[in-house]
Amino acid sequence: MSSETSWPLWEVFTQGNAGEPFEHAGSLHATDAEHALQNARDVYARRGEAVNLWVVPSSAITASAPSDAGPFFEPGNDKAYRHPQFYKVPQGIRVF
Amino acid sequence: MTQTTVPQEDPALLAAFEARIAAGESIEPKDWMPERYRKQLTRMMAQHAHSEIVGMLPEGNWITRAPSLRRKMSLIAKVQDEAGHGLYIYCGTETLGVDRHDLFNQLLDGSAKYSSIFNYPTLSWADMGVIGWFVDGAAIVNQTVLAKASYGPYARAMVRICKEENFHKRQGFEICATLAKGTPAQKEMLQDAVNRFWWPSLMMFGPSDKDSPNSAELLKWRVKRKTNDELRQRFVNLTVPQAQAIGVTLPDPDLRYDAATKNWEFGEIDWSEFWDVVKGNGPCNVERLEARNAAHDAGRWVREAALAHAAKNARSVSAA
Amino acid sequence: MAAHEEEEGGVAAGEAKSGVGTVAGPRQAPLAAPLVEYLLRLGDDRLILGHRMSEWTGHGPILEEDIATANIALDLIGQAAQLLKLAGEVEGKGRTEDTLAYFRDGVQFRNCLLVELPKGDFGDTMVRQFLFDAHSVLLWEALAGCGHAGIAGIAAKALKEDKYHLRHSSEWVVRLGDGTEESRARVQRSLDRLWKYTAELFAADEIDDAVAALGVRVDAAGLRARWDAMVNEVLARATLTRPAEGAAQRGGRRGRHTEHLGHLLATMQSVARAHPGATW
């Protein structure tokens, strides 16, 4: 077996409709950005799933670690005042 | 991949991991996981991905002979999806730190396993219908439960795949239903394909639970959700009424409905045939691997050229 | 443009026996109505090229490319189905796109020779696709605004598809040309071998004149000039040398094909022809 170098891995993000957020669709291999974009179009948008694509080298992504979960995310869970349900509105009045 | 002996896991971490599984949480790539879990997942996902890739060959065999333009396009699109599904699942294994290239090499050198069904030849156009109906039907039964597997990237790939595969089964059944209403020769062609693919399709679910060494652990960790026998029975129950609807017979004289269990009981599977095919002695094992190797070897200069070109461009960009 | 040779050969004096039909015939078999011929040319080009491209499905150099080439094959066969359907309707003899695809013999096919050549290696396939795509994009641009609503509609949709094909194929020509030494040598050879088949893409004849009168007008000279510019630009990026113009190979538009087409059709039509009248 030859020691062939693999093509780099890319992460693909698709926007389903104009104005919507980009979502992670999956990954693929490609040699450069234009190539990754073309492959993403063929692999992840062949059923018309996207109106826009982002491709990012997988190596460029920095992810939070599982050990970060506590300090990163749990403090956000008890800040009820960030959510609209926290606030009382007199009955019969429509606030937006 | 180097296979080392299974390390002793930290009992506290293992307990926490199993608690998460029990709570129905999904495990993500960077989460702690027992080495056995990582290995079992890699093995299962690789087998699944290889099956998609090798599975392109028996159907690809009829792309150039599809008897109408509509059928030709459906078949190309279906085989194309199989490439996509292989790709999605390989990407899932890459999150476990396994390079697709390494897995691919295991497929090419014959050391990896893939679904035994793809080692059977496709001999007539009706096989395209019956593969869609049986083989994709079986795959859907399998994958619908895998979409709830504990490993996040695998489960997510399965959700996408299940969505896409619905069309595969429908197009297969449509081909069969059309042949069933067709000329005597078409009906004969269909029945022959059914006869050839029925038993190998039942074997697709793998050995009986009592002979499936990995099943218990896979179930405990929710890598699998149902046993091989449960899934096989579900497939038979779904398929028998479909066969009745289009008027083909299934090649099993013991097939009968059990009103008590509400199951279609079926005859004994010839496991010696199954193990023969798994061990590399099926009708097309050699041809399938040769075809994959030929494509890989013929493509090497292309893959190398694309890398070399990208490297040149990167240099000229950084020099500018 | 060369005038069509319309010699209705008379009976050569002294050789015909009275009472026996004439042995002298026209130099060329008669063609169908111009619009039908024109649509068959467009449709057959895409059917045969799509078929060739579909041969890659499952055998490509990398998984991502299996998916890409299948997309191209699907687009081309889809275009062919529409064009042949329209050809059948215009002809008015009840032939469908499937009858036209599966129940004509090689000499009745009207595709250019370029598209029927075997797929060769990946470089051959990409160079051929690039040469064809560049022409096709320009042709659809012209036809999208033509005076025949059916053709204009097909052209507008096909143009979008082929613009992507062109982007895909030209990037591969550049990658392979400006890749490794081996890849450069291979695609230069592909280009040299295929070049003599490109002239047929531009060869206009009385069919083109006749459909122009119906509003299906393409400025052949302008199209050629723009094709040259596109091809030159990509070949320069690919560090490939444009071959000199030599003797051209053509004949497909009148059913004079290479030997390859017969084998392609023997495969493609085998199931359909074994069961005439069957529904699939």
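Right above here is the structure, for reference.
Let us look at the structure shown here. (Residues numbered from 1 in each chain as written. Chains lettered and ligands numbered in written order. Predicted model: local features only at pLDDT ≥ 70, side-chain atom pairs only at ≥ 80, totals over all residues. Heavy atoms only, no water.)

### What to know about the overall build of chain C
- A count of helices and strands for chain C gives 12 helices and zero strands.
- Secondary structure of chain C in N-to-C order comes out as α-α-α-α-α-α-α-α-α-α-α-α.
- Once the C-alpha set of chain C is aligned to its principal axes, its extents read approximately 70 × 45 × 35 Å.
- Put simply, chain C has 280 residues, and 54% of those count as buried.
- Charge centroids of chain C, computed over 32 positive and 40 negative side chains, lie 0 Å from each other. (Helix = DSSP H or I, 4+ residues; strand = E, 2+ residues; numbered from the N terminus. Buried < 20%, exposed > 50% of the residue type's maximum accessible area, 1.4 Å probe, protein only. Lys, Arg positive; Asp, Glu negative; His and termini not counted. Charge placed at Lys NZ, Arg CZ, Asp CG, Glu CD.)

### Examining the overall build of chain B
- When its secondary structure is counted, chain B shows 11 helices and two strands.
- Ordering the α and β elements of chain B from the N terminus gives α-α-α-α-α-α-α-α-α-β-β-α-α.
- Scaling as 2.2 N^0.38, a compact globule of 320 residues should have a C-alpha radius of gyration of about 20 Å, and chain B matches this with 21 Å.
- Projecting the C-alpha coordinates of chain B onto the three principal axes gives extents of approximately 70 × 50 × 35 Å.
- When the 320 residues of chain B are sorted by exposure, 57% land in the buried category. (Rg over C-alpha atoms; globule rule 2.2 N^0.38 Å.)

### Notes on the pattern of salt bridges
- Within this structure, the stated rule accounts for 49 salt bridges over all chains.
- Residue B:Arg100 is joined to C:Glu64 by a salt bridge in which the shortest nitrogen-to-oxygen separation is 2.8 Å. Taken together, the positions of B:Arg100 in helix α4 (residues 100-108) and C:Glu64 in helix α2 (residues 63-91) put the pair across two chains.
- Overall, the relative accessible area of 0% leaves C:Glu64 in the buried class.
- With a shortest N-O distance of 3.2 Å, C:Glu233 and C:Arg237 are connected by a salt bridge. (Salt bridge = Lys/Arg side-chain N within 4 Å of Asp/Glu carboxyl O.)

### Some remarks on the interface of chain C and chain B
- Contact with chain C, which involves 47 residues of that partner, is made by 43 residues of chain B.
- Between chain C and chain B the total buried area reaches about 3900 Å² when both faces are included, carbon and sulfur atoms providing 70% of it.
- Applying the counting rule to chain C against chain B returns two salt bridges.
- Our count for the chain C to chain B interface comes out at 14 residue pairs in polar contact (both at pLDDT 80 or more).
- Elements represented by at least two residues in the side of chain C that touches chain B include exactly α1 (34-54), α2, α3 (97-102), α5 (122-144), α6 (149-177), α7 (181-194), α11 (260-268) and α12 (270-274) of chain C.
- Across the side of chain C that touches chain B, the residue classes tally to 21 nonpolar, 16 polar and 10 charged. (Contact = heavy atoms within 4.5 Å. Buried area = accessible area lost by both parts, 1.4 Å probe. Polar contact = N/O pair within 3.5 Å; in protein donor to acceptor, adjacent residues only side chain to side chain. Nonpolar A, V, L, I, M, F, W, Y, C, P; charged D, E, K, R; others polar.)

### What about unusual backbone geometry?
All names here are of chain B.
- With phi around 55 degrees, arginine 222 is a residue other than glycine that occupies positive phi space.
- Overall, the relative accessible area of 13% leaves arginine 222 in the buried class.
- Of note in this structure, lysine 262 is not a glycine but carries a positive phi near 60 degrees.
- For lysine 262, a relative accessible area of 60% puts it in the exposed group.

### Notes on the interface of chain B and chain A
- Contacts between chain B and chain A engage 23 residues on the former and 22 residues on the latter.
- It is B:Lys30, B:Arg160 and B:Leu307 in chain B that bury the most area against chain A; as a group they hold 25% of the surface buried on that side.
- Here chain B and chain A share seven salt bridges between them.
- A salt bridge links B:Asp81 to A:Arg46; the nearest nitrogen and oxygen atoms lie 2.6 Å apart.

### Structural notes on the packing of aromatic side chains
- Evaluation of the coordinates by the stated rule reveals 25 aromatic pairs over all chains.
- Measuring from ring centre to ring centre gives 5.0 Å for A:Phe86 and A:Tyr87, while their planes differ by 85 degrees; the resulting arrangement is edge-to-face.
- Among the aromatic residues, those joined into a ring-pair cluster are B:Trp133, B:Phe134, B:Phe173, B:Trp198, B:Phe205 and B:Phe235.
- Between C:Arg175 and the ring centre of C:Trp172, over which it is positioned, the NZ or CZ distance is 4.6 Å.
- In this structure, C:Arg224 is placed above the aromatic ring of C:Phe202, and the distance from its NZ or CZ to the ring centre is 4.5 Å. (Phe/Tyr/Trp six-rings, centres within 6.5 Å; stacked < 30°, edge-to-face > 60°. Lys NZ or Arg CZ within 6 Å of the ring centre and 35° of its normal.)

### Notes on the packing of helix α6 (residues 152-180) of chain B against helix α7 (residues 184-203) of chain B
Residues and elements named next belong to chain B.
- Between α6 and α7, the shortest axis-to-axis distance is 8 Å and the interhelical angle comes to 135 degrees. By the angle between their directions, the pair α6 and α7 is classed as oblique. Contacts from Cys176, Leu179 and Ala180 of α6 reach α7 at Gln186, Lys187 and Leu190.
- Taken together, the residues that form the contact of α6 with α7 break down as four nonpolar, one polar and one charged. (Axes fitted to C-alpha atoms, helices over the stretch in contact; angles between N-to-C directions. Parallel < 35°, antiparallel > 145°, perpendicular 65-115°, else oblique.)

### Some remarks on the packing of helix α3 (residues 69-94) of chain B against α2(C)
- Viewed as axis vectors pointing N to C, α3(B) and α2(C) meet at an angle of 160 degrees, and their least axial separation amounts to 9 Å. The angle between α3(B) and α2(C) places the two elements in the roughly antiparallel class. Pair α3(B) / α2(C) crosses with left-handed handedness. When α3(B) is examined against α2(C), the residues B:Leu69, B:Lys72, B:Met73, B:Ile76, B:Ala77, B:Gln80, B:Ala83, B:Gly84, B:Gly86, B:Leu87 and B:Tyr90 are found in contact with a partner set consisting of C:Leu63, C:Glu64, C:Asp66, C:Ile67, C:Ala70, C:Asn71, C:Ala73, C:Leu74, C:Ile77, C:Gly78 and C:Ala81. (Left-handed = near helix turned anticlockwise from the far one by under 90°.)

### Topic: the sheet that holds strand β1 (residues 9-15) of chain A
- The strand order across the open sheet built from three strands is β2-β1-β3 (chain A), with neighbouring strands paired in antiparallel fashion. Every other strand in the sheet has two partners, leaving β2 (22-29) and β3 (52-57) of chain A as the edge strands with one partner each. Sheet twist, expressed as the average angle between the axes of neighbouring strands with direction ignored, equals 25 degrees.
- Across six bridges, β1(A) lies against β3(A) in antiparallel orientation. Within the sheet, the bridge partner assigned to A:Val12 lies in β3(A) and is A:Val55.
- Strands in contact with α3(B) are β1 and β2 of chain A; relative to β2(A), the strand with the most contacts, it is inclined by about 90 degrees. (Pairing = 2+ DSSP bridges.)

### Examining the pairing of β2(A)
Residue and element names in this part refer to chain A.
- Taken together, the seven bridges between β1 and β2 define a ladder with antiparallel strand orientation. Looking at the pairing, leucine 9 lines up with histidine 29 of β2.
- Between β1 and β2, which follow one another and run antiparallel, lie six residues, and glycine 19 among them has a positive phi close to 90 degrees.

### Describing helix α10 (residues 220-237) of chain C
All names here are of chain C.
- The terminal C-alpha atoms of α10, which comprises 18 residues, lie 26 Å apart, in line with the 26 Å expected from a rise of 1.5 Å per residue.
- Looking at the buried side of α10, the elements it contacts are α5, α6, α7 and α8 (199-202).
- A side-chain oxygen of the first residue of α10 lies 3.3 Å from the backbone nitrogen of alanine 221; this N-cap is aspartate 219.
- Two residues or fewer past α10, threonine 239 is found with a positive phi of approximately 55 degrees. (Expected span 1.5 Å × (residues − 1).)

### With respect to the environment of B:Asp270
- For B:Asp270, the position within the fold is in the loop between β2 (263-265) and α10 (271-281).
- Linking B:Asp270 and B:Asp209, residues 61 residues apart in sequence, is a C-alpha distance of 15 Å.

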